[in-house]
Amino acid sequence: MDLKFGIQTYSIREDFAQDPEKALMKVKEIGFDGVEIDLSLSSAPPASFLKKALDKAELECFGLLVGWNYMQPDSIDKTIEYAKEVGTNFIVIGSVPTSLVTTHDEAMAAVKYMCDILKKMNSCGILTGYHNHDTDFTHTIDGKPFFEYIFENTPEEFIMLLDTGNTKAGGYEPYEILKKYPNRSPYLHIKGYSKKKGYLAYIGSDDIDWESIIELAVNNNGSRVFNIEFGSRAD
């Protein structure tokens, strides 16, 4: 079984913003297979430059994580163009601002648009889906988490990029979410979290049962790419 491990560039955002090429070479030296690019920071280099840097470092691009604004009708074509130029076939929605989904109708409208995005991406040969934050569990509409609105009303091919740490921070168990929504997570975000240290908890010294989660993700959810993310910084 071919499993691949990468890093989310948000984890190395300072170094990546200063010198993307050097940062990617370091990622390769550590032993990662690729990176997932956080395009929502608005600091990503031109796609042509990034493609050359990835090739030089012999790293794969495991996807683009983008803000909701990057997927709107006036911007989605540019996002697709960037993805193709940088060499990835996966674009994932990083989040939807909670202020935009305060009612049932607003939540369902956002989900409907996600389905429209899926159709457009399919026509371009690109995979798409949604990456959760803790607020996708804590923000409820009529008593239901926005996360459930999304994955109860989108087809199975709409990828659930589960962020383990964000799920835990939102009061839910990553294992149970993966079990509830099988075959939807070819990609997984590996992020630590603990009640004591929050997002500053390192993987392996947190509150997450990694062995059970990885086994379930591989066998129940089709996970093949695991991207590490450690975005927090100590004061």
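The preceding data block contains the structure.
Residues numbered from 1 in each chain as written. Predicted model: local features only at pLDDT ≥ 70, side-chain atom pairs only at ≥ 80, totals over all residues. Heavy atoms only, no water.

Student: Looking at this structure, I do not really get the overall build of the protein. What am I missing?
Tutor: Along the protein, the regular secondary structure elements total ten helices and ten strands. Taking the principal axes of its C-alpha atoms as reference, the protein extends roughly 50 × 45 × 40 Å. Counting all 235 residues of the protein, 51% fall into the buried class. Residue pairs at least 24 apart in sequence account for 78% of intrachain contacts in the protein once pairs closer than 6 positions are excluded. Element-wise, carbon and sulfur atoms account for 50% of the exposed surface of the protein, whose accessible area totals about 11,000 Å². Each charge class in the protein can be summarised by its mean position, and for the 24 positive and 36 negative side chains these summaries are 2 Å apart. (Helix = DSSP H or I, 4+ residues; strand = E, 2+ residues; numbered from the N terminus. Buried < 20%, exposed > 50% of the residue type's maximum accessible area, 1.4 Å probe, protein only. Contact = heavy atoms within 4.5 Å. Areas by Shrake-Rupley, 256 points an atom, 1.4 Å probe, with all protein chains shown as cover. Lys, Arg positive; Asp, Glu negative; His and termini not counted. Charge placed at Lys NZ, Arg CZ, Asp CG, Glu CD.)

Student: Would you mind going over unusual backbone geometry with me for this structure?
Tutor: Trans peptide bonds make up the majority, and among non-glycine residues the majority have a negative phi. Notably, glutamate 58 is not glycine yet its phi reads approximately 60 degrees, a positive angle. As for its position among the elements, glutamate 58 is in the loop between α3 (47-57) and β3 (60-66). Classification of glutamate 58 by relative accessible area gives exposed; the value is 59%. Positive phi values are uncommon outside glycine, yet aspartate 142 reaches one of about 55 degrees.

Student: Just to check I follow, could you spell out the side chain of glutamine 8 for this structure?
Tutor: The residue glutamine 8 is located in strand β1 (residues 4-8) in this model. On the basis of relative accessible area, glutamine 8 is assigned to the buried category, the value being 1%. Engagement of the side chain of glutamine 8 in a polar contact is seen with the backbone nitrogen of tyrosine 10, the distance being 2.8 Å. (Polar contact = N/O pair within 3.5 Å; in protein donor to acceptor, adjacent residues only side chain to side chain.)

Student: Looking at this model, I keep getting lost on the packing of aromatic side chains. Mind explaining?
Tutor: Any pair of aromatic rings gets described here by the distance separating the centres and the angle formed by the planes. Throughout the structure, instances matching the rule amount to twelve aromatic pairs. Where phenylalanine 147 meets tyrosine 181, the ring centres are 5.9 Å apart and the plane angle is 70 degrees; that geometry is what we call edge-to-face. With phenylalanine 147 in helix α7 (residues 146-152) and tyrosine 181 in the loop between α9 (174-180) and β9 (187-190), this pair connects stretches of sequence that are 34 residues apart. In this structure an aromatic cluster arises from ring pairing among Phe137, Phe147, Phe151, Phe158, Tyr172 and Tyr181. Geometry around tyrosine 10 places arginine 13 over its ring, the cationic atom sitting 4.0 Å from the centre. Stacked on the ring of tyrosine 149, the Lys or Arg lysine 144 has its end atom at 5.3 Å from the ring centre. (Phe/Tyr/Trp six-rings, centres within 6.5 Å; stacked < 30°, edge-to-face > 60°. Lys NZ or Arg CZ within 6 Å of the ring centre and 35° of its normal.)

Student: Just checking my understanding: could you explain the sheet that holds β9 for this structure?
Tutor: Think of a sheet as strands paired side by side through backbone hydrogen bonds, with each pair either parallel or antiparallel. Taken in spatial order, the eight strands close into a barrel running β1-β2-β3-β4-β5-β8-β9-β10, and their pairing is parallel. Strand-to-strand twist in this sheet, taken as the mean axis angle between neighbours without regard to direction, amounts to 25 degrees. Summarising the sheet, β9 and strand β10 (residues 225-228) pair through four bridges and their orientation is parallel. When the sheet's bridge partners are listed, leucine 188 is paired in β10 with phenylalanine 226. Taken strand by strand, helix α4 (residues 76-86) contacts β3 and β4 (90-93), and its axis lies near 165 degrees from that of β3. Across the sheet, helix α10 (residues 210-220) lies against β9 and β10, angled at about 170 degrees from β9, the strand it touches most. (Pairing = 2+ DSSP bridges. Axes fitted to C-alpha atoms, helices over the stretch in contact; angles between N-to-C directions.)

Student: How should the side chain of aspartate 206 be read in this particular structure?
Tutor: With respect to the secondary-structure elements, aspartate 206 resides in the loop between β9 and α10. Here aspartate 206 is buried and forms no salt bridge, its nearest opposite-charge partner lysine 168 lying at an N-O distance of 8.4 Å. Polar contacts involving the side chain of aspartate 206 include one to the side chain of tryptophan 210, which spans 3.0 Å. Ignoring any residue separated from it by four or fewer positions in sequence, one finds aspartate 206 in contact with Gly192, Tyr193, Ser194 and Ala201. (Salt bridge = Lys/Arg side-chain N within 4 Å of Asp/Glu carboxyl O.)

Student: What is the right way to look at the nonpolar core in this model?
Tutor: The nonpolar side chains of a soluble globular protein tend to be buried with one another. Judged by nonpolar contacts, the single largest core of 63 residues is most densely connected at Leu24, Leu64, Met114, Tyr130 and Phe146. Broken down by element, this core gets its largest block of residues, eight residues, from helix α5 (residues 104-123). In this structure, Phe62, Ile159, Leu161 and Tyr187 belong to the second largest nonpolar core, which totals eight residues. (Core = buried A, V, L, I, M, F, W, Y, C linked by side-chain atoms within 4.5 Å.)

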